[in-house]
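Next come the chains, spelled out residue by residue.
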Amino acid sequence: MVDSSEDTVVLADPAVIAGLDYWRTLPIKQQPAWPDSDAVGAASAEIGSMPPLVFAGEVDILRDRLAAAASGKAFLLQGGDCAETFAGATADQIRNRVKTVLQMAVVLTYGASTPVIKMGRMAGQFAKPRSSDMETRGDVTLPAYRGDIVNGYDFTPESREADPSRLVRGYHTAAATLNLVRAFTQGGFADLRQVHSWNQGFARNPANVRYEQMARDIDKAIKFMEAAGADFDELKRVEFYTSHEGLLMDYERPMTRIDSRTGTPYNTSAHFLWVGERTRDLDGAHIDYFSRVRNPIGVKLGPSTTPAVMRELIDKLDPNREPGRLTFITRMGAEKVRDALPPLLEAIKEVDATPLWVSDPMHGNGLTTPTGYKTRRFDDVVDEVKGFFEAHRAAGTYPGGIHIELTGDDVTECLGGSEQIDEATLATRYESLCDPRLNHMQSLELAFLVAEELAAR
Ligand code: PEP
Ligand code: MN
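Residues numbered from 1 in each chain as written. Chains lettered and ligands numbered in written order. Predicted model: local features only at pLDDT ≥ 70, side-chain atom pairs only at ≥ 80, totals over all residues. Heavy atoms only, no water.

*Asks:* Looking at this model, I keep getting lost on the site of ligand 1. Mind explaining?
*Replies:* Around ligand 1, the neighbouring residues are Cys82, Arg121, Lys128, Pro129, Trp274, Gly276, Glu277, Arg278, Lys300, Arg331, His363 and Glu405. Between ligand 1 and Arg278 there is a distance of 3.1 Å, counted from an oxygen atom to a side-chain nitrogen or oxygen. One of the side-chain N or O atoms of Glu405 is found 3.1 Å from an oxygen atom in ligand 1. Considered on its own, ligand 1 offers 300 Å² of accessible surface; in the complex 97% of this is hidden by protein. For ligand 1, the cavity whose grid points lie within 2 Å of the majority of its atoms is the second largest pocket. (Near = heavy atom within 4 Å. Polar contact = N/O pair within 3.5 Å; in protein donor to acceptor, adjacent residues only side chain to side chain. Areas by Shrake-Rupley, 256 points an atom, 1.4 Å probe, with all protein chains shown as cover. 1 Å grid on protein atoms, 1.4 Å probe; cavity = no way out; pocket = protein on both sides within 12 Å on 5 of 7 lines; lining within 4 Å. Sits in = over half its atoms within 2 Å of the grid points.)

*Asks:* Can you help me understand helix α2 (residues 37-48) in this one?
*Replies:* What sets the pattern is the α-helix's 3.6 residues per turn: residues three or four places apart point alike. For α2, built from 12 residues, the straight-helix expectation of 16 Å at 1.5 Å per residue is met to within 8% by its first-to-last C-alpha distance of 16 Å. Along α2, the residues classified as buried are Val40, Ala43, Ser44 and Ile47. The buried residues of α2 occupy an angular sector of 100° when projected down its axis, which confines them to one face. Contacts from the buried residues of α2 go to α6 (165-186), α9 (249-252) and β6 (256-258). Measuring from the side-chain oxygen of the N-cap residue of α2 to the backbone nitrogen of Asp38 gives 3.1 Å; that N-cap residue is Asp36. (Helix = DSSP H or I, 4+ residues; strand = E, 2+ residues; numbered from the N terminus. Expected span 1.5 Å × (residues − 1). Buried < 20%, exposed > 50% of the residue type's maximum accessible area, 1.4 Å probe, protein only. Arc of directions from axis to C-beta. Contact = heavy atoms within 4.5 Å.)

*Asks:* Which parts of the structure should I look at to understand the packing of aromatic side chains?
*Replies:* To describe a pair of aromatic rings, one takes the distance between the centres and the angle between the planes. The full count for this structure, using the stated rule, is 12 aromatic pairs. Between Tyr211 and Phe448 the ring centres are 5.2 Å apart and the planes differ by 35°, which places this aromatic pair in the tilted class. With Tyr211 in the loop between α7 (192-204) and α8 (212-227) and Phe448 in helix α15 (residues 440-455), this residue pair connects regions lying 237 residues apart in the sequence. Like Tyr211, the residue Phe448 is buried in the burial classification. Against the face of Trp198 rests Lys99, its NZ or CZ located 4.5 Å from the ring centre. Taking NZ or CZ as reference, Arg160 lies 5.7 Å from the ring centre of Tyr153, over its face. (Phe/Tyr/Trp six-rings, centres within 6.5 Å; stacked < 30°, edge-to-face > 60°. Lys NZ or Arg CZ within 6 Å of the ring centre and 35° of its normal.)

*Asks:* Explain the packing of helix α13 (residues 378-395) against α15 here, please?
*Replies:* Each pair of packed helices gets described by two things: the angle between the helix axes and the distance between those axes. Where α13 meets α15, the closest approach of the two axes is 11 Å, and the angle between their N-to-C directions is 20°. What the angle tells us is that α13 and α15 run roughly parallel. As α13 runs across α15, the sense of the crossing is right-handed. Every residue of α15 that contacts α13 at Phe378, Val381, Val382, Val385, Lys386, Phe389 and Arg393 is listed here: Gln442, Glu445, Leu446, Leu449, Val450, Glu453 and Leu454. (Axes fitted to C-alpha atoms, helices over the stretch in contact; angles between N-to-C directions. Parallel < 35°, antiparallel > 145°, perpendicular 65-115°, else oblique. Left-handed = near helix turned anticlockwise from the far one by under 90°.)

Distances and angles like these do not, on their own, reveal function.
Structural data, given as C-alpha cells:
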C-alpha cells in the first residue's frame, strides 16, 4: 500500500539545476568587490543550508493574485523603505510600516472596489545599486554604500569594506522581520475595523479635511457590512507578501530551492523580486537568473525604455505568457510619464502577453536641494501617478498598482503634502540612508488621492 502521508517528491531535471548558475558566465553589474572570495563562498553556503523564508505555495497564490490585478480585478500596493537597515529592524519600525501599508490598502480597496494585494519592500530589501562605485567626501574617496547586506554606511575605510558576514546577518534580519510581519498580519492587528479607526484619526486632522468625506463613506460601508452580517473574524487576517530588488547574487542564488511538488526552482528569499533599472540588461546575469525561477518577477522601466526592449523582456521572462508572471514597474518621472508610457502601452496591445502595470512615482522624481538633501516633491509623486492613470485610460489598458518608498514614521524626507514640509524642515528628521521616503501622513494622503483615481478607472 502506498503511504498517503508521504507526498511524492519530484526531482529537478539536472539541466534545470545547471541553468541556475548560467548567469555566472554572463556580464553582471552592481555586485560588490568582496575582499575574500572564500569567505563569500562560505557565507553563501551557510545561507544555502538555512530554511526558506517563503514557501512555493504562497508564491503560487501571489502569482494568481497578480494575474487578477493585470486584468483589472485587483490592485497591487507595494511599499516600504528604499533600503532597509539592520538597525531599523525594530518592532516599532516594522509595525509602523505594516500599519501604514494596511491603512493605505483599506482606502485603496474602497476606491478600487477590488481586492488590494498588500506587499512590503520588506524582509530583504538590503542591497542597493549605486550610480558610482566610489563616493568622495572632501579629499577622501571610499567604496559607495551598497546596503547593509554588503557594507556599512559610516564613512570610514573599515565600514565601507564589503563584509561577507553581512550576507548571513541579512538572512537572519529578513527572517526576524518576516516573522513579525506574519504575526502582525495574522494575529489580529490587521482587523479591518481597527485599521479603519486609524484612518479616521488621520481624516480628523484639520490638515486633511479634503479626505474626510471619503473616510465617512468608508465608515458607512463598514457599518453596512456589519449590519448585513459580514464575517468580521475573516477580516482580522490579511495576506501580506514580501518583495525586494533581486540584485545581490551571492544572496539570491543560495536562497533558490527546488520545489519538491513540481521539481521547479523558486527563489525563497521573497515572494516577489524585481530587477532594477540598472541591471535589467537583456543579455546580463540578472535577467537570465530570474528567467529561471518560478516567482512572479518585476522589472523597472525608465523613460528611455523602447517597445523593442519591452518585447524582449517579455520573451525572456514570460515566454509562456503566463498571467501574473511579469510585472512592469514604470518609473518615468512626472514630466515624462505622459510621453514615455503611451508608446509602451500601444505596443503591448500587439503582443500576446498581459503584464501587470505598476507605477513607481518615486525614482523618476528625485532632486537635490541647494543644502544637499536628496528629496522628492509630493506633488510630483502625485502627478506621475495621475499621468500613469491617464495613459492607461487612453490606451484601454489596466493601471494595476503603485510602488512606493515609504516609512510609517514621521520623517521629513519628501517635500510637501498636507503638513507642507519645506526645505528648511527636511533637516529636522531626515533618516533615510538612501532615497527619501514618504512619511506616514504623506503615504495616507497619497492613498486617498489614488483612491479617487481608482474610482474613475
Ligand atoms: C529602488 O527601487 O530603490 C531603485 C533603485 O529603483 P530603480 O531601479 O528604478 O532606480
Ligand atoms: Mn530607492
